Structures are given as C-alpha cells and as structure tokens.
Amino acid sequence: MLLSSSSSSFGLMNVVEHRATQKAHPFGDERTVDQAFPGAIHEKDADPFLMCDDFSMKSKGAEKDPDRFPVDWHPHRGIDVLTYLKSGIGRHGDSLGNRETYKTPGMQWMSTSSGVYHAEGGGTPKGVDNDGFQIWVNVPASEKLKDPRYGTVPPEKLPLVDMSNNTHARVLAGEFNVSSDKKVSGSFRSVQPVLIVDFEIKQNGFISFAVPEIMNNCLIYLYRGSGSIQGQSFRAKHVVRLDASSETQRVVKLEATENNEMHVFLFAGKRLNEPISWHGPIVMNTQEQLVQTFQDLKNGKFPPKRVNW
C-alpha cells in the first residue's frame with residue numbers, strides 16, 4: 001500500500017543482501033539472459049520465486065509455420081510461469097490447445113501444475129527487439145498435480161498507472177494500492193500469494209509503499225537505469241533482498257537519480273519453506289517425484305490433461 005497517515009508508523013525494511021545478475025543460457029545455445037534469480041539470489045532465499053530471466057533479443061522474423069517456435073516445444077510441471085513482454089509481439093502455443101499472439105506491453109501465464117507442453121516466440125517482425133522477462137513462481141506441494149490453467153493479458157488489460165511523483169506502475173500479480181482509494185489487481189493468477197509490480201520512475205521520481213504483512217519475502221530488481229533502494233545507491237542489473245519478516249518494518253523506498261530513470265520490479269511473496277527438487281523445466285519436492293515425471297514423459301503419459309494431438 002502507498003504510505004498514508006495510517007501507515008506512516010511503518011519503518012523501512014532492511015537490506016539483507018544485494019548481488020549483480022548472472023548470465024545464463026536457458027536455451028542451450030548462444031542466446032543469453034540476465035538472471036536475477038537464481039543467478040543472483042538463490043532460489044531458497046528467493047522463495048516462492050524460482051527464476052527471473054531478463055532478456056533482450058533481436059527477432060529473426062515472424063514464423064509462418066504455426067507449429068514452429070524459436071523457443072521450441074518443452075514440458076513444465078509444478079510451477080507457475082509468467083512471460084512478460086515489453087516490446088515485440090508475443091506468441092504462445094501449448095498442449096491445452098491455446099494458440100495466442102498478443103501485443104506489448106503484455107503477458108501470458110500458465111499454472112502448469114500436473115503438466116503442460118508449450119512453445120513461445122516467432123510473432124515479432126524481423127529486426128524488431130523482443131524485450132521481456134520470464135518469471136517462475138513455485139507452487140505448494142499440495143497443488144503441484146492439479147489441472148493446469150492459462151491466461152493471456154493484452155496491453156489494455158495491463159495499464160501503466162500514474163502514481164504521481166514521476167512514477168508509473170504496472171501491476172502484474174497481486175493487489176496494489178495505486179492511490180488512497182484505489183487498488184489495482186494483476187492478471188497473473190499464481191497459486192502462491194505474490195505481488196509483482198513493474199515500476200518506471202523518471203528522473204528525480206520517487207515512491208514509498210508498505211508491503212502487505214502476509215508477504216514475508218521481498219526482492220527488488222533494478223533492471224534499467226540507476227537510483228536508490230532503501231537509501232542505498234544501485235545501478236542496473238542488481239537484485240536487492242529485503243528483510244520482510246518484521247511486522248513494523250514494511251516500507252520500500254525507491255528514488256531515481258537526477259540524471260537517470262529507474263526501472264525496477266517488486267517481487268513480494270509468501271514463503272513456501274518446502275523442499276525443492278528441480279531439473280530443467282520440472283520443479284517438484286522430491287527426487288522420486290522428478291523420476292516419476294521423466295518416466296511419464298518417456299512413456300507418453302505426460303501431460304495427463306491435454307487436447308488430442
């Protein structure tokens with residue numbers, strides 16, 4: 001929530017650690033991404049967030065074959081996946097029968113649960129930039145084998161909200177107070193409670209807000225520009241983990257510099273505190289569950305819920 005007379009008693013959350021992103025090769029080829037987590041912040045410390053890949057790639061052209069995608073068909077199980085594009089044309093296909101293209105800024109998301117095959121990309125004209133993020137959120141053990149869900153969010157459903165003080169925000173997930181009498185809810189319906197907000201802060205802009213008490217983990221990813229987080233100066237491609245365990249220290253304070261804009265993500269969530277057994281696009285709780293998943297893949301039993309193909 002934004003700071004008001006009723007929330008002015010909250011103090012700033014303390015900085016626990018800050019690290020630079022790491023280069024990662026999620027596609028197994030020459031393409032790279034800047035990985036905020038687990039590259040900079042380990043998944044146990046980012047809980048319930050598993051991954052945030054920050055990518056910028058020049059398109060090789062729109063794909064004409066409806067079954068071909070630059071990010072080829074691959075499985076997921078046990079996680080919620082959000083692809084948020086800020087430029088280009090989004091394109092998605094999956095084993096539930098969804099085939100979507102969407103303008104940007106926009107996003108598509110899946111609660112993969114018991115299993116989904118999907119593929120992405122190939123909607124952007126040649127030479128145009130594809131800038132965006134892929135974010136994975138872990139799912140409680142009790143929900144990992146439920147039926148999958150899917151959604152696409154076009155620009156008109158993902159508004160850039162004026163927060164005053166040279167600050168704008170897009171709410172991707174959770175509920176965020178954008179004024180004293182207005183809340184905006186994000187369209188990403190993750191299983192685990194999270195709050196994901198993309199802030200665009202112009203020169204000399206600033207914002208302070210309190211993170212809901214249910215969210216006992218908080219990460220700030222400064223992906224473009226420079227500025228201060230909790231009064232400490234940072235530059236682009238840095239992740240800051242805050243101590244969200246206190247009932248009285250709930251405030252995040254962001255300030256852009258005089259000469260630079262500041263583009264940052266808020267990732268706040270309720271920790272799962274469950275074991276993680278992770279291999280590629282499959283995230284379960286035990287090694288036995290991982291082995292079973294790969295047996296299902298080998299024996300043609302994956303995904304259990306799908307359209308005919």
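Here goes a summary of the coordinates provided.

**Side note on the overall build of the protein chain**
Phase 1: Of the regular secondary structure elements, the protein chain holds two helices and 26 strands.
Phase 2: In terms of overall dimensions, the protein chain is globule-like: its C-alpha atoms have a radius of gyration of 19 Å, near the 19 Å expected for 309 residues.
Phase 3: Viewed in the frame of its principal axes, the protein chain has a C-alpha envelope of about 60 × 45 × 35 Å.
Phase 4: Evaluated residue by residue, the protein chain yields a buried proportion of 52% over its 309 residues.
Phase 5: The contacts in the protein chain between residues at least 6 apart in sequence include a share of 73% that link residues at least 24 apart.
Phase 6: Summed over its atoms, the accessible surface of the protein chain is roughly 13,900 Å², and 46% of this surface lies on carbon and sulfur atoms.
Phase 7: In the protein chain, 35 side chains carry a positive charge and 36 a negative one; their mean positions are 3 Å apart.

**Details of the environment of glutamate 63**
Phase 1: Tracing the sequence through the fold places glutamate 63 in the loop between β5 (49–58) and β6 (71–76).
Phase 2: For the pair glutamate 63 and glycine 123, spaced 60 residues apart in the sequence, the C-alpha separation amounts to 6.4 Å.

**Focus on unusual backbone geometry**
Phase 1: Note that the residue after aspartate 47, namely proline 48, is joined by a cis bond; omega there is 15°.
Phase 2: As for its position among the elements, proline 48 is in the loop between α1 (43–46) and β5.
Phase 3: One non-glycine residue, serine 113, adopts positive backbone phi at about 45°.
Phase 4: Topologically, serine 113 is positioned in the loop between β10 (106–111) and β11 (116–120).
Phase 5: Here serine 113 falls in the buried class, since its relative accessible area comes to 2%.
Phase 6: One non-glycine residue with positive phi stands out, namely glutamine 230, at about 60°.

**Some remarks on the layout of surface pockets**
Phase 1: Estimated volume of the largest pocket: approximately 930 Å³.
Phase 2: Around the largest pocket sit 42 residues that line it, and Phe27, Arg31, Met57, Pro70 and Val71 are the ones nearest its centre.
Phase 3: Mapped onto the lining of the largest pocket, the elements with two or more residues apiece are β4 (33–37), β5, β6, β7 (79–87), β8 (90–94), β11 and β12 (129–138).
Phase 4: In this structure, the second largest pocket occupies an estimated 160 Å³ of space.
Phase 5: The residue inventory of the lining of the second largest pocket, partitioned by class, reads four nonpolar, three polar and seven charged.

**Here's the deal with the packing of aromatic side chains**
Phase 1: Under the definition given, this model contains 17 aromatic pairs.
Phase 2: The interplanar angle of 85° and the centroid separation of 5.5 Å between the aromatic rings of phenylalanine 69 and tryptophan 73 together place this pair among those described as edge-to-face.
Phase 3: Through successive ring pairs, a cluster of aromatic residues spans Phe37, Phe49, Tyr84, Phe133, Tyr221, Tyr223, Phe265 and Phe267.
Phase 4: If you follow arginine 91 out to its NZ or CZ, it ends over the ring of phenylalanine 69, 4.0 Å from the centre.

**Description of the sheet that holds β10**
Phase 1: Here we have seven strands laid out as an open sheet, ordered β3-β4-β5-β12-β7-β10-β13, and antiparallel in their pairing. In this open sheet, the two strands that pair with only one neighbour each are β3 (22–24) and β13 (149–153). On average, adjacent strands in this sheet sit at an angle of 20° to one another, irrespective of strand direction.
Phase 2: With five bridges connecting them, β10 and β13 associate as antiparallel partners. Residue pairing for β13: methionine 110 is matched across the bridge by tyrosine 150.

**Focus: the nonpolar core**
Phase 1: Ranked by size, the top nonpolar core spans 31 residues in total, and within it Phe199, Ile220, Leu254 and Leu266 carry the most contacts.
Phase 2: Breaking this core down by element, the ones donating at least two residues are β15 (167–173), β16 (175–179), β18 (194–201), β19 (206–210), β20 (217–229), β22 (238–242), β23 (249–256) and β24 (262–269).
Phase 3: If we skip the residues at most four places from it in the chain, isoleucine 220 touches Ile229, His238, Val239, Val240, Leu242, Val252, Leu254, Val264, Phe265 and Leu266.
Phase 4: Counting residues in hydrophobic clusters, the runner-up holds 27 residues, among them Ile41, Phe133, Tyr221 and Phe265.

**Some points on helix α2 (residues 287–298)**
Phase 1: Helix length check: α2 (12 residues) gives 17 Å between terminal C-alpha atoms against 16 Å at 1.5 Å per residue, within 8%.
Phase 2: Along α2, the positions that sit buried rather than exposed are Leu290, Thr293 and Asp296. One side of α2 holds all its buried residues, which, seen down the axis, span an arc of 120°. In α2, those exposed residues whose orientation departs by more than 90 degrees from the buried face are Gln287, Glu288 and Lys298.
Phase 3: Elements that come into contact with the buried residues of α2 comprise β25 (277–279) and β26 (282–284).
Phase 4: Of the residues trailing α2, glycine 300 is marked for its positive phi of about 75°.

What counts as what
- Residues numbered from 1 in each chain as written.
- Predicted model: local features only at pLDDT ≥ 70, side-chain atom pairs only at ≥ 80, totals over all residues.
- Heavy atoms only, no water.
- Helix = DSSP H or I, 4+ residues; strand = E, 2+ residues; numbered from the N terminus.
- Rg over C-alpha atoms; globule rule 2.2 N^0.38 Å.
- Buried < 20%, exposed > 50% of the residue type's maximum accessible area, 1.4 Å probe, protein only.
- Contact = heavy atoms within 4.5 Å.
- Areas by Shrake-Rupley, 256 points an atom, 1.4 Å probe, with all protein chains shown as cover.
- Lys, Arg positive; Asp, Glu negative; His and termini not counted.
- Charge placed at Lys NZ, Arg CZ, Asp CG, Glu CD.
- 1 Å grid on protein atoms, 1.4 Å probe; cavity = no way out; pocket = protein on both sides within 12 Å on 5 of 7 lines; lining within 4 Å.
- Points joined across faces, edges and corners; volume = space filled by probe spheres on them.
- Nonpolar A, V, L, I, M, F, W, Y, C, P; charged D, E, K, R; others polar.
- Phe/Tyr/Trp six-rings, centres within 6.5 Å; stacked < 30°, edge-to-face > 60°.
- Lys NZ or Arg CZ within 6 Å of the ring centre and 35° of its normal.
- Pairing = 2+ DSSP bridges.
- Axes fitted to C-alpha atoms, helices over the stretch in contact; angles between N-to-C directions.
- Core = buried A, V, L, I, M, F, W, Y, C linked by side-chain atoms within 4.5 Å.
- Expected span 1.5 Å × (residues − 1).
- Arc of directions from axis to C-beta.

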